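# Residue-level structural notes
These are the residues of each chain, in order.
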Amino acid sequence: MNIKINEKVFWIGKVDNRKVPFHRLILEKGTTYNSYLLMTDKPTVIDTVDIAFGKEYVDNLKELINPEDIEYIVINHVEPDHAGALPALAARAKKAKIVATGLGSQLLKDMFKLHHREFIVVKDGDTLDIGGKTLKFFETPYLHTEETMITYSIEDKALFPCDIFSTHIAAEELFNDLAKGEYLEDFKVYYQLIMSPHRPYVRAMLEKLKGLEIDMIAPSHGYILRQAPGSFIELYDEMSKTSDNTRQKSVTIVFSTMTGNTTKIAQRLAKGLEETGVKTSVFNLKNADVTEVAEVIRESDGVLVGSSTKYADMVGKVEELLKALQGSGDTKKPAAAFGSYGWSGEAIIHIEDYLAKAGYRVINQNYLVGAIGVDEQLFPLRVKFDREEGLNTAEKAGKVFGELMN
Ligand SMILES: Cc1cc2nc3c(=O)[nH]c(=O)nc-3n(C[C@H](O)[C@H](O)[C@H](O)COP(=O)(O)O)c2cc1C
Ligand SMILES: [Fe+2]
Ligand SMILES: [Fe+2]
(Lines give C-alpha, C1' and ligand atoms only; values in the text may rest on other atoms or scores of the structure.)
(Ligands and ions follow the chains in the order given, each with its own letter.)
Protein backbone atom coordinates (compact mmCIF):
# COMPACT_ATOMS: atom_id res chain seq x y z
CA MET A 1 0.00 0.00 0.00
CA ASN A 2 1.46 3.32 -1.14
CA ILE A 3 -0.51 6.55 -0.97
CA LYS A 4 0.16 9.84 -2.70
CA ILE A 5 0.03 12.60 -0.11
CA ASN A 6 1.32 15.57 -2.08
CA GLU A 7 2.95 16.44 -5.41
CA LYS A 8 5.51 13.65 -5.87
CA VAL A 9 5.28 12.70 -2.19
CA PHE A 10 4.15 9.20 -1.24
CA TRP A 11 3.42 7.49 2.06
CA ILE A 12 5.23 4.14 2.00
CA GLY A 13 4.75 3.17 5.64
CA LYS A 14 3.18 0.35 7.60
CA VAL A 15 0.04 0.22 9.72
CA ASP A 16 0.69 -1.98 12.75
CA ASN A 17 -2.57 -3.24 14.20
CA ARG A 18 -0.95 -5.32 16.89
CA LYS A 19 -0.96 -4.37 20.52
CA VAL A 20 2.60 -3.19 20.14
CA PRO A 21 5.04 -3.56 23.05
CA PHE A 22 7.11 -0.39 23.27
CA HIS A 23 9.12 1.29 26.04
CA ARG A 24 7.54 -1.09 28.59
CA LEU A 25 4.05 -0.04 27.48
CA ILE A 26 1.52 -1.82 25.31
CA LEU A 27 0.21 0.43 22.56
CA GLU A 28 -3.41 -0.70 22.83
CA LYS A 29 -4.49 1.08 19.66
CA GLY A 30 -1.48 -0.06 17.65
CA THR A 31 0.54 2.47 15.71
CA THR A 32 1.85 3.27 12.25
CA TYR A 33 5.40 3.67 11.03
CA ASN A 34 5.17 6.42 8.46
CA SER A 35 7.85 6.45 5.83
CA TYR A 36 7.85 8.80 2.87
CA LEU A 37 9.17 8.74 -0.68
CA LEU A 38 9.81 12.01 -2.50
CA MET A 39 9.82 11.11 -6.21
CA THR A 40 12.04 13.95 -7.35
CA ASP A 41 14.94 13.77 -9.80
CA LYS A 42 17.01 12.48 -6.91
CA PRO A 43 14.47 10.19 -5.25
CA THR A 44 14.59 10.47 -1.49
CA VAL A 45 13.18 8.34 1.31
CA ILE A 46 12.47 9.97 4.66
CA ASP A 47 12.61 7.50 7.58
CA THR A 48 11.72 3.82 7.24
CA VAL A 49 9.54 1.45 9.29
CA ASP A 50 9.95 -0.87 12.26
CA ILE A 51 12.67 -3.49 12.11
CA ALA A 52 10.00 -6.24 12.09
CA PHE A 53 8.75 -5.18 8.64
CA GLY A 54 11.92 -4.61 6.64
CA LYS A 55 11.32 -7.12 3.84
CA GLU A 56 7.65 -6.27 3.43
CA TYR A 57 8.57 -2.58 3.33
CA VAL A 58 11.14 -2.94 0.56
CA ASP A 59 8.87 -5.25 -1.49
CA ASN A 60 6.07 -2.72 -1.23
CA LEU A 61 8.34 0.16 -2.15
CA LYS A 62 9.37 -1.66 -5.34
CA GLU A 63 5.87 -1.06 -6.72
CA LEU A 64 6.71 2.64 -6.91
CA ILE A 65 10.41 2.73 -7.65
CA ASN A 66 13.41 0.61 -8.39
CA PRO A 67 15.32 0.91 -5.09
CA GLU A 68 18.57 1.27 -7.05
CA ASP A 69 17.31 4.67 -8.23
CA ILE A 70 17.05 6.05 -4.70
CA GLU A 71 19.64 8.79 -4.13
CA TYR A 72 19.08 9.70 -0.48
CA ILE A 73 17.73 8.05 2.63
CA VAL A 74 17.08 10.62 5.34
CA ILE A 75 17.06 9.19 8.86
CA ASN A 76 15.65 11.73 11.31
CA HIS A 77 15.91 9.47 14.36
CA VAL A 78 17.80 6.19 14.79
CA GLU A 79 15.39 4.29 17.03
CA PRO A 80 14.56 1.03 15.22
CA ASP A 81 10.82 1.71 14.98
CA HIS A 82 11.88 4.14 12.21
CA ALA A 83 15.42 3.27 11.18
CA GLY A 84 14.84 -0.48 11.59
CA ALA A 85 14.24 -1.14 7.90
CA LEU A 86 17.30 0.86 6.86
CA PRO A 87 19.56 -2.22 6.48
CA ALA A 88 16.97 -3.92 4.24
CA LEU A 89 16.47 -0.76 2.21
CA ALA A 90 20.14 0.16 1.98
CA ALA A 91 20.96 -3.35 0.76
CA ARG A 92 18.71 -2.71 -2.28
CA ALA A 93 19.25 1.03 -2.61
CA LYS A 94 22.90 0.44 -3.29
CA LYS A 95 23.92 3.94 -4.29
CA ALA A 96 21.77 5.82 -1.77
CA LYS A 97 23.57 8.17 0.57
CA ILE A 98 22.32 8.18 4.14
CA VAL A 99 21.51 11.61 5.55
CA ALA A 100 21.59 12.08 9.32
CA THR A 101 23.01 14.27 12.09
CA GLY A 102 26.60 13.67 13.24
CA LEU A 103 25.58 11.58 16.22
CA GLY A 104 22.86 9.90 14.16
CA SER A 105 25.41 8.81 11.55
CA GLN A 106 27.72 7.31 14.19
CA LEU A 107 24.87 5.40 15.85
CA LEU A 108 23.55 4.05 12.54
CA LYS A 109 26.99 2.87 11.47
CA ASP A 110 27.51 1.01 14.73
CA MET A 111 24.00 -0.37 15.13
CA PHE A 112 23.52 -1.61 11.56
CA LYS A 113 27.17 -2.14 10.58
CA LEU A 114 26.98 0.47 7.83
CA HIS A 115 30.58 1.65 8.07
CA HIS A 116 31.10 1.03 4.37
CA ARG A 117 28.20 3.29 3.32
CA GLU A 118 28.39 6.92 2.32
CA PHE A 119 26.78 9.27 4.84
CA ILE A 120 25.91 12.94 4.53
CA VAL A 121 26.16 14.57 7.95
CA VAL A 122 23.81 17.53 8.26
CA LYS A 123 23.70 20.32 10.82
CA ASP A 124 21.03 22.69 11.95
CA GLY A 125 19.81 24.81 9.03
CA ASP A 126 21.59 22.80 6.29
CA THR A 127 19.74 22.24 3.03
CA LEU A 128 19.87 19.46 0.46
CA ASP A 129 18.76 19.79 -3.16
CA ILE A 130 16.96 16.59 -4.15
CA GLY A 131 16.27 17.64 -7.73
CA GLY A 132 13.03 19.58 -7.74
CA LYS A 133 12.57 19.94 -4.02
CA THR A 134 14.79 21.30 -1.29
CA LEU A 135 15.05 19.74 2.13
CA LYS A 136 16.04 21.76 5.16
CA PHE A 137 17.16 20.13 8.40
CA PHE A 138 16.71 21.25 12.00
CA GLU A 139 18.46 19.50 14.86
CA THR A 140 15.95 18.70 17.61
CA PRO A 141 17.96 16.89 20.29
CA TYR A 142 16.09 14.60 22.71
CA LEU A 143 12.90 14.69 20.65
CA HIS A 144 12.88 11.80 20.98
CA THR A 145 16.58 10.91 21.55
CA GLU A 146 19.77 12.93 21.42
CA GLU A 147 20.62 12.53 17.71
CA THR A 148 17.22 13.53 16.36
CA MET A 149 16.39 16.06 13.64
CA ILE A 150 13.39 17.35 11.68
CA THR A 151 13.27 17.48 7.88
CA TYR A 152 11.30 20.26 6.17
CA SER A 153 10.45 20.22 2.48
CA ILE A 154 10.50 23.86 1.44
CA GLU A 155 8.45 23.52 -1.78
CA ASP A 156 5.83 21.28 -0.14
CA LYS A 157 5.68 23.40 3.01
CA ALA A 158 5.71 19.99 4.67
CA LEU A 159 7.33 19.09 7.95
CA PHE A 160 8.68 15.57 8.54
CA PRO A 161 9.28 15.66 12.29
CA CYS A 162 9.55 11.91 12.97
CA ASP A 163 8.46 11.20 16.59
CA ILE A 164 7.43 14.81 17.22
CA PHE A 165 3.71 15.51 16.58
CA SER A 166 3.08 11.76 16.41
CA THR A 167 0.22 9.67 17.77
CA HIS A 168 0.28 5.97 18.61
CA ILE A 169 -2.79 4.85 16.73
CA ALA A 170 -3.19 2.45 13.80
CA ALA A 171 -4.45 5.30 11.64
CA GLU A 172 -5.73 3.40 8.58
CA GLU A 173 -7.29 6.59 7.18
CA LEU A 174 -3.84 8.19 7.34
CA PHE A 175 -4.99 11.84 7.27
CA ASN A 176 -6.39 13.63 10.29
CA ASP A 177 -9.29 15.11 8.32
CA LEU A 178 -10.43 11.57 7.47
CA ALA A 179 -10.08 10.24 11.01
CA LYS A 180 -13.11 8.16 11.93
CA GLY A 181 -12.64 8.43 15.65
CA GLU A 182 -11.37 10.83 18.25
CA TYR A 183 -7.58 11.06 18.24
CA LEU A 184 -6.79 14.33 20.01
CA GLU A 185 -6.58 12.63 23.42
CA ASP A 186 -4.15 10.07 21.99
CA PHE A 187 -2.09 12.88 20.48
CA LYS A 188 -1.87 14.51 23.92
CA VAL A 189 -1.09 11.24 25.72
CA TYR A 190 1.75 10.65 23.25
CA TYR A 191 3.13 14.10 24.05
CA GLN A 192 2.98 13.38 27.78
CA LEU A 193 4.74 10.03 27.45
CA ILE A 194 7.41 10.74 24.87
CA MET A 195 7.96 14.48 24.68
CA SER A 196 7.15 16.05 28.05
CA PRO A 197 10.26 14.68 29.82
CA HIS A 198 12.23 16.88 27.40
CA ARG A 199 10.16 20.02 27.84
CA PRO A 200 13.00 22.57 27.38
CA TYR A 201 13.92 20.88 24.10
CA VAL A 202 10.31 21.09 22.96
CA ARG A 203 10.49 24.85 23.60
CA ALA A 204 13.71 25.09 21.57
CA MET A 205 12.16 23.08 18.72
CA LEU A 206 9.11 25.35 18.63
CA GLU A 207 11.43 28.36 18.32
CA LYS A 208 13.03 26.77 15.26
CA LEU A 209 9.64 26.23 13.61
CA LYS A 210 8.71 29.90 13.97
CA GLY A 211 8.65 31.55 10.58
CA LEU A 212 8.26 28.28 8.64
CA GLU A 213 5.19 27.99 6.47
CA ILE A 214 3.65 24.64 7.30
CA ASP A 215 0.77 23.20 5.27
CA MET A 216 1.23 19.64 6.41
CA ILE A 217 2.88 17.84 9.32
CA ALA A 218 3.86 14.33 8.30
CA PRO A 219 5.12 12.61 11.47
CA SER A 220 6.26 9.03 11.82
CA HIS A 221 3.40 7.59 13.92
CA GLY A 222 -0.32 8.07 13.43
CA TYR A 223 -2.11 10.69 11.42
CA ILE A 224 -0.63 13.00 8.84
CA LEU A 225 -1.84 16.39 10.02
CA ARG A 226 -2.98 18.29 6.96
CA GLN A 227 -6.10 19.80 8.49
CA ALA A 228 -5.20 22.72 10.78
CA PRO A 229 -1.52 21.76 11.19
CA GLY A 230 -0.89 24.99 13.09
CA SER A 231 -3.30 23.92 15.82
CA PHE A 232 -1.02 20.98 16.70
CA ILE A 233 1.98 23.28 17.00
CA GLU A 234 -0.10 25.49 19.28
CA LEU A 235 -1.03 22.43 21.36
CA TYR A 236 2.65 21.59 21.82
CA ASP A 237 3.25 25.19 22.78
CA GLU A 238 0.52 25.07 25.41
CA MET A 239 1.46 21.66 26.77
CA SER A 240 5.14 22.58 27.05
CA LYS A 241 4.47 25.68 29.13
CA THR A 242 4.78 24.79 32.81
CA SER A 243 1.80 25.28 35.07
CA ASP A 244 3.69 27.97 36.94
CA ASN A 245 5.70 29.15 33.98
CA THR A 246 6.21 32.62 35.40
CA ARG A 247 7.85 31.51 38.63
CA GLN A 248 11.60 31.18 38.40
CA LYS A 249 12.85 27.87 39.80
CA SER A 250 15.58 27.85 42.45
CA VAL A 251 18.29 25.39 43.37
CA THR A 252 20.53 25.41 46.43
CA ILE A 253 24.09 24.14 46.21
CA VAL A 254 25.71 23.40 49.54
CA PHE A 255 29.07 21.81 50.32
CA SER A 256 32.07 21.39 52.58
CA THR A 257 35.67 21.25 51.39
CA MET A 258 39.18 20.78 52.74
CA THR A 259 41.33 22.41 50.08
CA GLY A 260 38.84 24.11 47.75
CA ASN A 261 38.44 21.48 45.04
CA THR A 262 34.80 20.89 45.89
CA THR A 263 34.29 24.69 45.77
CA LYS A 264 35.36 24.62 42.13
CA ILE A 265 32.81 21.90 41.37
CA ALA A 266 30.07 23.91 43.09
CA GLN A 267 30.96 26.95 40.99
CA ARG A 268 30.82 25.03 37.74
CA LEU A 269 27.52 23.38 38.73
CA ALA A 270 26.15 26.86 39.40
CA LYS A 271 27.35 28.06 36.01
CA GLY A 272 25.53 25.22 34.23
CA LEU A 273 22.38 25.76 36.29
CA GLU A 274 22.33 29.47 35.59
CA GLU A 275 22.50 28.80 31.85
CA THR A 276 19.06 27.22 32.16
CA GLY A 277 17.61 30.27 33.90
CA VAL A 278 17.44 28.63 37.33
CA LYS A 279 18.13 30.87 40.33
CA THR A 280 21.09 29.37 42.15
CA SER A 281 22.36 29.93 45.70
CA VAL A 282 25.71 28.51 46.76
CA PHE A 283 26.70 27.90 50.39
CA ASN A 284 30.05 26.81 51.77
CA LEU A 285 28.99 25.32 55.09
CA LYS A 286 32.13 26.60 56.75
CA ASN A 287 30.68 30.09 56.70
CA ALA A 288 27.02 29.22 57.08
CA ASP A 289 24.54 28.30 59.77
CA VAL A 290 23.26 24.76 59.21
CA THR A 291 19.71 25.52 60.39
CA GLU A 292 19.46 28.54 58.10
CA VAL A 293 20.78 26.60 55.11
CA ALA A 294 18.29 23.79 55.80
CA GLU A 295 15.54 26.40 55.72
CA VAL A 296 16.74 27.76 52.35
CA ILE A 297 16.80 24.21 50.99
CA ARG A 298 13.21 23.68 52.07
CA GLU A 299 12.19 26.74 50.10
CA SER A 300 14.07 25.84 46.94
CA ASP A 301 12.96 23.51 44.16
CA GLY A 302 16.07 21.35 44.13
CA VAL A 303 19.28 20.76 46.07
CA LEU A 304 22.84 19.67 45.36
CA VAL A 305 24.91 18.52 48.32
CA GLY A 306 28.68 18.17 48.05
CA SER A 307 31.60 16.96 50.08
CA SER A 308 35.10 15.77 49.40
CA THR A 309 36.20 12.51 50.99
CA LYS A 310 38.44 12.28 54.02
CA TYR A 311 39.24 8.79 55.35
CA ALA A 312 36.20 7.41 53.55
CA ASP A 313 33.83 9.92 55.08
CA MET A 314 32.23 13.31 54.52
CA VAL A 315 33.97 16.49 55.66
CA GLY A 316 32.92 19.62 57.52
CA LYS A 317 29.30 20.13 58.48
CA VAL A 318 27.76 18.16 55.61
CA GLU A 319 26.58 15.29 57.80
CA GLU A 320 25.08 17.70 60.30
CA LEU A 321 23.12 19.34 57.49
CA LEU A 322 21.95 16.01 56.06
CA LYS A 323 20.69 15.02 59.52
CA ALA A 324 18.81 18.31 59.74
CA LEU A 325 17.10 17.53 56.43
CA GLN A 326 15.74 14.17 57.62
CA GLY A 327 11.99 14.21 58.11
CA SER A 328 11.72 17.69 56.64
CA GLY A 329 8.93 16.56 54.33
CA ASP A 330 10.95 17.53 51.28
CA THR A 331 9.77 14.43 49.49
CA LYS A 332 10.27 13.95 45.79
CA LYS A 333 12.22 17.16 45.42
CA PRO A 334 15.14 16.55 43.04
CA ALA A 335 18.44 16.21 44.87
CA ALA A 336 21.90 15.01 43.93
CA ALA A 337 25.32 14.43 45.46
CA PHE A 338 28.69 15.71 44.30
CA GLY A 339 32.25 15.97 45.51
CA SER A 340 35.92 15.94 44.79
CA TYR A 341 37.87 12.83 45.76
CA GLY A 342 41.23 11.17 45.35
CA TRP A 343 40.78 7.45 44.84
CA SER A 344 37.45 6.21 46.19
CA GLY A 345 35.12 9.10 47.03
CA GLU A 346 32.91 7.44 49.64
CA ALA A 347 31.49 10.77 50.86
CA ILE A 348 29.37 10.96 47.72
CA ILE A 349 27.75 7.60 48.53
CA HIS A 350 26.96 8.68 52.08
CA ILE A 351 25.33 11.88 50.83
CA GLU A 352 23.13 9.95 48.40
CA ASP A 353 22.08 7.56 51.17
CA TYR A 354 21.03 10.44 53.41
CA LEU A 355 19.14 12.17 50.59
CA ALA A 356 17.28 8.99 49.70
CA LYS A 357 16.40 8.37 53.36
CA ALA A 358 15.00 11.89 53.66
CA GLY A 359 12.68 11.13 50.74
CA TYR A 360 14.28 13.23 48.01
CA ARG A 361 14.09 12.18 44.36
CA VAL A 362 17.76 11.30 44.01
CA ILE A 363 19.07 12.23 40.58
CA ASN A 364 21.64 9.63 39.60
CA GLN A 365 22.62 7.77 36.47
CA ASN A 366 19.72 5.32 36.65
CA TYR A 367 17.31 8.19 36.97
CA LEU A 368 18.79 10.13 34.05
CA VAL A 369 18.85 7.13 31.73
CA GLY A 370 15.31 6.09 32.66
CA ALA A 371 13.69 9.51 32.63
CA ILE A 372 15.42 11.31 29.79
CA GLY A 373 17.82 8.90 28.09
CA VAL A 374 21.01 10.77 29.04
CA ASP A 375 23.92 8.47 28.23
CA GLU A 376 26.62 10.01 30.38
CA GLN A 377 27.75 9.68 33.99
CA LEU A 378 26.69 13.06 35.39
CA PHE A 379 25.23 12.31 38.84
CA PRO A 380 26.29 11.50 41.42
CA LEU A 381 28.98 13.90 40.29
CA ARG A 382 32.41 12.59 41.20
CA VAL A 383 35.42 14.72 40.28
CA LYS A 384 38.96 13.43 40.81
CA PHE A 385 40.79 16.29 42.60
CA ASP A 386 40.11 19.37 40.43
CA ARG A 387 40.75 17.87 37.03
CA GLU A 388 39.49 20.01 34.19
CA GLU A 389 37.55 17.20 32.50
CA GLY A 390 35.66 16.61 35.73
CA LEU A 391 34.91 20.31 36.11
CA ASN A 392 33.59 20.40 32.54
CA THR A 393 31.31 17.49 33.41
CA ALA A 394 30.15 19.50 36.43
CA GLU A 395 29.01 22.30 34.18
CA LYS A 396 27.09 19.91 31.95
CA ALA A 397 25.60 18.21 35.01
CA GLY A 398 24.42 21.61 36.28
CA LYS A 399 22.74 22.26 32.98
CA VAL A 400 20.95 18.91 32.95
CA PHE A 401 19.84 19.39 36.58
CA GLY A 402 18.52 22.84 35.64
CA GLU A 403 16.58 21.40 32.73
CA LEU A 404 14.93 18.92 35.09
CA MET A 405 13.67 21.90 37.09
CA ASN A 406 11.94 23.60 34.19
C1 LIG B 1 43.46 13.67 55.09
C2 LIG B 1 42.93 13.27 53.77
C3 LIG B 1 42.23 12.09 53.64
C4 LIG B 1 41.73 11.68 52.40
N5 LIG B 1 40.99 10.54 52.30
C6 LIG B 1 40.45 10.17 51.11
C7 LIG B 1 39.67 8.98 50.97
O8 LIG B 1 39.44 8.26 51.91
N9 LIG B 1 39.17 8.66 49.75
C10 LIG B 1 39.40 9.44 48.66
O11 LIG B 1 38.88 9.14 47.56
N12 LIG B 1 40.13 10.57 48.74
C13 LIG B 1 40.66 10.97 49.94
N14 LIG B 1 41.41 12.10 50.03
C15 LIG B 1 41.62 12.91 48.81
C16 LIG B 1 40.68 14.12 48.77
O17 LIG B 1 39.34 13.72 48.77
C18 LIG B 1 40.99 14.95 47.51
O19 LIG B 1 42.25 15.54 47.71
C20 LIG B 1 39.97 15.99 47.19
O21 LIG B 1 40.27 16.55 45.94
C22 LIG B 1 39.88 17.12 48.20
O23 LIG B 1 38.84 17.96 47.82
P24 LIG B 1 38.53 19.31 48.62
O25 LIG B 1 39.60 20.28 48.28
O26 LIG B 1 37.20 19.75 48.13
O27 LIG B 1 38.48 18.96 50.05
C28 LIG B 1 41.95 12.51 51.27
C29 LIG B 1 42.68 13.68 51.40
C30 LIG B 1 43.18 14.06 52.63
C31 LIG B 1 43.96 15.35 52.72
FE1 LIG C 1 11.66 7.37 19.24
FE1 LIG D 1 8.93 6.38 17.25
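Residues numbered from 1 in each chain as written. Chains lettered and ligands numbered in written order. Predicted model: local features only at pLDDT ≥ 70, side-chain atom pairs only at ≥ 80, totals over all residues.

A few words on the overall build of the protein. Looking only at helices and strands, the protein has 12 helices and 22 strands in total. Each principal axis of the C-alpha distribution contributes one length, and for the protein these read about 75 × 45 × 40 Å. Put simply, the protein has 406 residues, and 46% of those count as buried. Within the protein, contacts between residues at least 6 apart in sequence are counted, and of these 70% link residues at least 24 apart. (Helix = DSSP H or I, 4+ residues; strand = E, 2+ residues; numbered from the N terminus. Buried ≥ 20, exposed ≤ 12 C-beta atoms within 10 Å, placed from the backbone. Contact = placed C-beta atoms within 7 Å.)

What follows covers the sheet that holds strand S2 (residues 9–11). Strands belonging to one sheet form pairs held by backbone hydrogen bonds; the direction of such a pair is parallel or antiparallel. Reading across the sheet, the seven strands line up as S1-S2-S7-S8-S9-S10-S11 and stay open at both edges, with mixed pairing between neighbours. The sheet is open, and its two edges are formed by strand S1 (3–6) and strand S11 (119–121), each paired on a single side. Each strand of the sheet is rotated relative to its neighbour by a mean of 25°, with strand direction disregarded. Direction of pairing for strand S8 (residues 44–46) relative to strand S9 (residues 72–74): parallel, over a ladder of three bridges. If you follow Thr-44 over to S9, its bridge partner there is Tyr-72. On the sheet, helix H3 (residues 102–112) packs against strand S10 (97–100) and S11 and is oriented at approximately 130° with respect to S10. (Pairing = 2+ DSSP bridges. Axes fitted to C-alpha atoms, helices over the stretch in contact; angles between N-to-C directions.)

What follows concerns the sheet that holds strand S12 (residues 127–129). Read across the open sheet, the five strands follow the order S12-S13-S14-S15-S16; overall the sheet is mixed. The open sheet has two edge strands with one neighbour each: S12 and strand S16 (216–217).

When two helices pack together, their arrangement is given by the angle between their axes and by how far apart the axes lie. Close contact between helix H5 (residues 199–209) and helix H6 (residues 229–239) brings their axes to 10 Å; oriented N to C, the two are set at 145°. Two packed elements cross with a definite hand, and for H5 against H6 that hand is left-handed. Taken together, the residues of H6 that come into contact with H5 (itself represented by Val-202, Leu-206 and Leu-209) are Ile-233, Tyr-236 and Asp-237. A per-class count over the contact of H5 with H6 returns five nonpolar, no polar and one charged. (Left-handed = near helix turned anticlockwise from the far one by under 90°. Nonpolar A, V, L, I, M, F, W, Y, C, P; charged D, E, K, R; others polar.)

Let us now look at the domain arrangement of the protein. Domain boundaries in the protein define domain 1 (3–239) and domain 2 (250–405). With five residues of domain 1 at the interface, the matching set in domain 2 holds four residues. For the side of domain 1 that touches domain 2, the class distribution of residues is three nonpolar, two polar and no charged. (Domains from an automatic or database assignment.)

Now for the pairing of strand S18 (residues 279–284). In this structure, strand S17 (residues 250–256) lies alongside S18, joined through six bridges in parallel fashion. Counted as the bridge partner of Ser-250 is Lys-279 from S18. Regarding the hand of the β-α-β motif, the stretch spanning S17, helix H7 (residues 261–275) and S18 is right-handed. (Right-handed = clockwise from strand over helix to strand, strands pointing away.)

Contacts to ligand 1 come from 18 residues, most closely from Met-258, Asn-261, Thr-262, Ser-308 and Gly-342. Along the lines of polarity and charge, the residues of the shell around ligand 1 split into six nonpolar, 11 polar and one charged. (Near = placed C-beta within 6 Å.)

Take the environment of Asp-124 next. Among the structural elements, Asp-124 can be located in the loop between S11 and S12. Here the alpha-carbon distance between Asp-124 and Lys-208, two residues 84 residues apart in the chain, equals 9.6 Å. Among residues more than four places away in sequence, those in contact with Asp-124 are Phe-138 and Glu-139.

Bringing the nonpolar core into the picture now. Formed by 69 residues in total, the largest nonpolar core has its most connected members in Tyr-36, Ile-73, Ile-75, Leu-89 and Ala-218. Apart from residues no more than four positions distant in its own chain, Ile-75 is found in contact with Asp-47, Ala-83, Leu-86, Ile-98, Val-99, Ala-100, Gly-104 and Leu-108. (Core = buried A, V, L, I, M, F, W, Y, C linked by C-beta atoms within 7 Å.)

A few words on helix H8 (residues 290–299). Buried residues of H8: Val-293, Ala-294 and Ile-297, and no others. Buried residues of H8 fall within an arc of 105° about the axis and therefore sit on the same side. Turned more than 90 degrees off the buried face of H8, the exposed positions are Thr-291, Glu-292, Glu-295 and Glu-299. Against S17, S18, strand S19 (302–307) and helix H9 (318–325) lie the buried residues of H8. (Arc of directions from axis to C-beta.)

Our focus in this paragraph is helix H1 (residues 54–61). When we look at burial in H1, the residues that qualify are Tyr-57, Val-58 and Leu-61. Along the axis of H1, the buried residues cluster in a sector spanning 90°; they form a single face. What points out from H1, more than 90 degrees from its buried face, is the exposed set Lys-55 and Asp-59. Its buried side turned inward, H1 meets strand S3 (14–16), strand S7 (36–38) and helix H2 (86–92).

So, about the packing of H7 against helix H12 (residues 388–405). At a minimum axis distance of 7 Å, the contact between H7 and H12 shows a crossing angle of 40°. Taken together, the axes of H7 and H12 lie oblique to each other. For the element pair H7 and H12, the recorded crossing hand is right-handed. Residue-level contacts link Lys-264, Ile-265, Arg-268, Leu-269, Ala-270, Lys-271, Gly-272, Leu-273 and Glu-275 of H7 to Leu-391, Ala-394, Glu-395, Lys-396, Ala-397, Gly-398, Lys-399, Phe-401 and Gly-402 of H12. (Parallel < 35°, antiparallel > 145°, perpendicular 65-115°, else oblique.)

Residues Leu-143 and His-144 are joined by a peptide bond in cis, for which omega reads 20°. Take His-144: it is sitting in the loop between strand S13 (134–139) and strand S14 (149–153). With an omega of -5°, the peptide bond between Phe-379 and Pro-380 qualifies as cis. Examined against the element boundaries, Pro-380 turns out to sit in the loop between helix H11 (365–372) and strand S22 (381–384). At Lys-8, a position not held by glycine, the phi torsion is positive, near 60°. Mapped onto the elements of the fold, Lys-8 is located in the loop between S1 and S2. In this structure, Asp-47 is a non-glycine residue whose phi angle is positive, near 60°. By the element assignment, Asp-47 lies in the loop between S8 and H1. A residue is classified by how many C-beta atoms lie within 10 Å of it, and Asp-47, with 27 of them, is buried.

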